[in-house]
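The chain contents come next:
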Amino acid sequence: MRFKFYIILYSLSSPIQSVSRVAPAYQKRLLKLGIKNVRDLLYHFPFRYDDFSKIISIVDLKLNETATIQGEVTEIENIKTWKKKMTVTQAFVCDKTGMIKAVWFNQPYLIDQIKEGSRISLSGKIAFDGVLFISNPAYERLPPAADRQTMDNESRTTSDKRFAIRDLRHTGRIVPIYPETSGITSRYLRYIIQIILSSCFIEDWLPQEIKKSKNLPDLNEAIKKIHFPDSFQEISRAKRRLGFDELFSIQLVSVRQKFQWQKQRAPGIEFNQPLIKNFVDGLPFKLTDAQRTAAWEILNDISKTVPMNRLLEGDVGSGKTVVAAIAALQTAFDGKQAAFMAPTEILARQHFETIKHFFSNQDLPIAFLAGSDCQTNLPRHFGKKEIIEKIKKGEIKIIAGTQALIQKKVEFKNLALAIVDEQHRFGVAQRASLQNNISRIKDDSPKEIPHLLSMTATPIPRTLALAIYGDLDISRLNQVPKDRKEIITKIVKPAERQKSYEFIRQQIKQSRQAFVICPRIENESNKETGAQIFSDKRKTAWLETKAAEEEYKKLSKEIFPDLKIGLLHGRLKPAQKQKIMKEFSAGSIDILVSTSVIEIGIDVPNASVMMIEGADRFGLAQLHQFRGRVGRGKHQSYCLLFSQSNSKDSALRLRALLETKTGFDLAEKDLLLRGPGDFIGTRQSGLPDLSMASLTDFELVRQAKNEATAILSKDPELKKYPLLAEKLSKFKEIIHLE
Ligand code: ADP
Ligand code: MG
């Protein structure tokens, strides 16, 4: 038995500069991979592995097999092939059973690293060119002949064998392959990670009892094995542990948030059944069962003094607005205020109109408030200052608006219910400030916060919902109103474009209307990088606008000169936008050409055609949102998808849209096609890919949630678990889920 002496030199927080073997040039390159310290490096996980663990004698090699051989280099030389202008490095290697040629292309420097007479380990695929040879193998030098006995295959005992494998890095084992960047190869990462692993001790923050009951390996073990596993089982064990870590942290954060949220107080809003029944009976339609259930859940929640934090998830067109309106009505009737915030002015105004209409025979002061515009349903005109004053005095009961609602100068007298529509549209920071700002109640009871209802039409698959909305209660509208006809979705080939225009013309003859959506003009230099997001956003808006303007010209001059065409994009002034939306709603515009600003919330039941240019450039969820702009009334509606891409991927995605009718099914599909990383946005969330993958492991998520609840119920401040508490505070800094 041999012992190795490990000296602990590094901890997870050691900066990469302190690792003596990492030269300054490499430090810079590592930074490109986001690696600043030892932790980043050790958590730079392989994305796949090459299985080179089969070490065999040369005589036993077979064509096309991936294998490792170990032997002595008898000859090595560089050959220039003039025809192809390539350098071929050719070596002959022999073990006790035979000899084989190894060939590398365009790596002439190898000749300095692999010396004649040295012992070497080679892993790669066996190819044939008159004779068998090993093509472009991974290589690594072996200790000299003195150690030969342990390295030779047949004379090795089992324990020797394991020792030999453990010392190998690039060959003769399961070899990790990492995300790379220029100047940082997997080979380099293996080298440096192996050095660090041998001189670093990682304190395990996960309580022993959890590790035991969940049968999870120690953190040190898991990190070692994710990089240098001896078997594929070890990889999955390590992944399970590391995945559990992130899930458990997420759950700790959200369970704690929930506990804290529940410690606060909210104004109880009395549930007035006759009033609600009266309102519902007066609606021009019958509520779906899902709407009734959701409304009941919400009314029940807000009747309590524990603040509600509920997410209303419902497909486009499932009728979320009326559910929220019911809650707002109840709030106003109880003498309190409700705020209804939407991400765009168009949508906020639409909500104002809808609510005004719903409540036309109630005596309820309602206001609309946006950055550049405002309005009320009162008989007299009021300016912005006056409206803000009325909100402060509590004279206005329901306020629909944009982010303008969370400005400092807007104060509520007794805000009891905050509704956030299309909540995913608000940035993470905005949402946080919204929750805080909107809770600023200038009232006698400053400790009370309003009930919070968020709404989204981007359904998160059930598995993910548990993982990332752990602290929210969820109501789902999983039905759309009965009288809806299914929207007919078609992928249109370029040759059929003319036919589509004819089709739109016919629809308009039957008094219907159409949308035409344009994506931005492709601009290769415009690839998103994290730091640029803001300016990219502007650029995108500009490029989208340009595309929409061109399409507008084409349609109004060449294709439909006799029809009334409208143009809507994000760069129009609010008043112009509003005028166009009004005209479209009233039916005086036949075709509305628009950028993706139309995506959310717009409700024009007479529109029956949604034509989407460059459909491959939009995400599935977004396309589904566009499609949801039609089929809102009683007319048969159509969604026509135009795509310039021939790629298999985009064809697959568009087909998913044809086959899937509901947003929930689509979300599940999207998740499958793109993986949770893309689905939530890895960069946006701050979570590494590995933990992303475990987000869909429903069972693991459930276990993590139970453990988090158990531990926080016993020890809310985690006093007995200082390591855990510390990990959690760091985790909160990097993570940006809901
Ligand atoms: P979303 O959930 O996408 O926000 P909306 O609330 O805008 O949907 O509702 C879409 C349309 O369906 C609106 O015109 C609304 O008045 C109508 N609607 C809502 N509920 C029903 C129902 N139960 N039956 C028929 N129409 C309904
Ligand atoms: Mg909506």
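Here's a quick rundown of the structure.

Details of the packing of aromatic side chains
- What the rule picks out here adds up to 14 aromatic pairs.
- Ring geometry for tyrosine 49 against phenylalanine 232: centres 6.5 Å apart, planes inclined by 85°, an arrangement best described as edge-to-face. A residue pair is termed long-range when its members are at least 10 positions apart, and tyrosine 49 in strand 1 (residues 48–51) and phenylalanine 232 in helix 9 (residues 232–263) qualify at 183 residues.
- When its relative accessible area of 42% is taken as the criterion, phenylalanine 232 is described as partly exposed.
- Taken together, a centroid distance of 6.0 Å and an interplanar angle of 40° make the contact between phenylalanine 352 and phenylalanine 368 tilted. With phenylalanine 352 in helix 13 (residues 345–358) and phenylalanine 368 in strand 10 (residues 366–369), this pair connects stretches of sequence that are 16 residues apart.
- For phenylalanine 352, a relative accessible area of 0% corresponds to the buried category.
- Taking the relative accessible area as the measure of exposure, phenylalanine 368 reaches 0% and is therefore buried.
- Counting every residue linked through ring pairs, the aromatic cluster contains Tyr26, Tyr188 and Tyr191.
- Of note, arginine 187 hangs over the ring of tyrosine 139, and the distance from its end group to the ring centre comes to 4.0 Å.

With respect to the site of ligand 1
- Lys286, Gly317, Thr321, Arg484 and Asp603 are the nearest of the 16 residues found near ligand 1.
- Note that a nitrogen atom of ligand 1 is positioned 2.8 Å from one of the backbone N or O atoms of lysine 286.
- Separating a nitrogen atom of ligand 1 from a side-chain N or O atom of glutamine 291 is a distance of 2.9 Å.
- Expressed as a share of its isolated accessible area of 570 Å², the protein-covered part of ligand 1 is 88%.
- Tallied by class, the residues present in the shell around ligand 1 amount to four nonpolar, six polar and six charged.

Quick notes on the sheet that holds strand 2 (residues 66–81)
- Strand order in the closed barrel formed by five strands is 2-3-4-6-5, with mixed pairing between adjacent strands. The mean inter-strand angle of the sheet, taken between neighbouring strand axes irrespective of direction, is 45°.
- Strand direction decides the pairing type here: strand 2 and strand 5 (residues 119–129), joined by seven bridges, are antiparallel. Considered in strand 5, the bridge of glutamine 70 is made with serine 121.

Topic: the environment of lysine 62
- On the secondary structure map, lysine 62 appears in the loop between strand 1 and strand 2.
- Taking the relative accessible area as the measure of exposure, lysine 62 reaches 53% and is therefore exposed.
- Taking the C-alpha atoms as reference points, lysine 62 and leucine 132, 70 residues apart in sequence, are found 8.2 Å from one another.

Structural notes on the pairing of strand 6 (residues 131–141)
- With three bridges joining them, strand 4 (residues 98–105) and strand 6 adopt parallel strand pairing. Along strand 6, the bridge assignment pairs lysine 101 with phenylalanine 133.
- In the sheet, strand 5 pairs with strand 6 via nine bridges, with the strands oriented antiparallel. Following the sheet pairing, phenylalanine 128 is matched in strand 6 by leucine 132.
- Between strand 5 and the antiparallel strand that follows it, strand 6, lie one residue; glycine 130 among them carries a positive phi value of about 85°.

A closer look at the side chain of threonine 489
- Positionally, threonine 489 belongs in strand 16 (residues 488–492).
- One polar contact links threonine 489 to arginine 627, side chain to side chain, over a distance of 2.8 Å.
- Every residue in contact with threonine 489, bar those within four places of it in the chain, is listed here: Arg627, Cys639, Leu641 and Leu658.

Some words on the sheet that holds strand 16
- Read across the open sheet, the six strands follow the order 16-21-20-17-19-18; overall the sheet is parallel. Edge positions in the open sheet fall to strand 16 and strand 18 (565–568), since each of these has one partner strand only. For this sheet, the mean inter-axis angle between neighbouring strands, taken without regard to orientation, is 20°.
- Pairing of strand 20 (residues 607–612) with strand 21 (residues 638–642), which is carried by four bridges, proceeds in the parallel orientation. If you follow methionine 610 over to strand 21, its bridge partner there is cysteine 639.
- Here helix 17 (residues 497–509) sits on the sheet and contacts strand 16, strand 17 (513–517), strand 19 (591–594), strand 20 and strand 21; the angle it forms with strand 20, its principal contact strand, is near 160°.
- Sitting on the sheet, helix 20 (residues 620–627) touches strand 16, strand 17, strand 20 and strand 21, and the angle it makes with strand 20 is about 150°.

Observations concerning the environment of isoleucine 474
- Tracing the backbone through its elements, the reader meets isoleucine 474 in strand 15 (residues 473–477).
- Distance in space between the C-alpha atoms of isoleucine 474 and glutamate 297 is 9.5 Å, their sequence separation being 177 residues.

A closer look at the pattern of salt bridges
- Counted under the stated rule, the structure contains 26 salt bridges.
- Linking glutamate 353 and lysine 356 is a salt bridge whose minimum nitrogen-to-oxygen distance equals 3.4 Å. One end of the pair, glutamate 353, and the other, lysine 356, are both in helix 13, three residues apart, so they sit about a helical turn from each other.
- A relative accessible area of 28% places lysine 356 in the partly exposed class.
- Of the charged contacts in the structure, one is a salt bridge between arginine 505 and aspartate 562, with a shortest N-O distance of 2.8 Å. Residue arginine 505 is found in helix 17, and its partner aspartate 562 is found in the loop between helix 18 (533–559) and strand 18; the two are separated by 57 residues along the sequence.
- Taken together, the shared-partner salt bridges connect Asp204, Lys211, Asp218, Arg241 and Asp245 into one network.

Things to note about a nonpolar patch on the surface
- Together, Leu63, Phe128 and Leu132 make up a nonpolar patch on the protein surface, roughly 280 Å² of accessible area in all.
- Relative accessible area serves as the criterion here: at 53%, phenylalanine 128 is assigned to the exposed category.

Thoughts on the nonpolar core
- Within the largest apolar cluster, 62 residues are counted, with the highest numbers of intra-cluster contacts made by Leu41, Leu42, Ile193, Phe248 and Ile711.
- Secondary-structure elements contributing two or more residues to this core are helix 2 (38–42), helix 6 (186–197), helix 8 (219–227), helix 9, helix 16 (462–468), helix 24 (698–714) and helix 25 (722–734).
- When residues in this core are grouped by element, the largest group, 10 residues, is from helix 9.
- Aside from chain neighbours lying at most four places away, what touches leucine 41 is Ile16, Leu30, Ile35, Leu189, Ile192, Ile193, Ile196 and His227.
- Formed by 45 residues, the second largest nonpolar core is a distinct cluster that contains Leu283, Ala332, Leu417 and Met455.

Thresholds applied
- Residues numbered from 1 in each chain as written.
- Chains lettered and ligands numbered in written order.
- Predicted model: local features only at pLDDT ≥ 70, side-chain atom pairs only at ≥ 80, totals over all residues.
- Heavy atoms only, no water.
- Phe/Tyr/Trp six-rings, centres within 6.5 Å; stacked < 30°, edge-to-face > 60°.
- Helix = DSSP H or I, 4+ residues; strand = E, 2+ residues; numbered from the N terminus.
- Buried < 20%, exposed > 50% of the residue type's maximum accessible area, 1.4 Å probe, protein only.
- Lys NZ or Arg CZ within 6 Å of the ring centre and 35° of its normal.
- Near = heavy atom within 4 Å.
- Polar contact = N/O pair within 3.5 Å; in protein donor to acceptor, adjacent residues only side chain to side chain.
- Areas by Shrake-Rupley, 256 points an atom, 1.4 Å probe, with all protein chains shown as cover.
- Nonpolar A, V, L, I, M, F, W, Y, C, P; charged D, E, K, R; others polar.
- Pairing = 2+ DSSP bridges.
- Axes fitted to C-alpha atoms, helices over the stretch in contact; angles between N-to-C directions.
- Contact = heavy atoms within 4.5 Å.
- Salt bridge = Lys/Arg side-chain N within 4 Å of Asp/Glu carboxyl O.
- Patch = residues over 30% accessible without salt bridge, like charges linked within 9 Å, V, L, I, M, F, W, Y side chains within 5 Å.
- Core = buried A, V, L, I, M, F, W, Y, C linked by side-chain atoms within 4.5 Å.

So, to be careful, I would describe these as geometric facts and stop short of saying anything about function.
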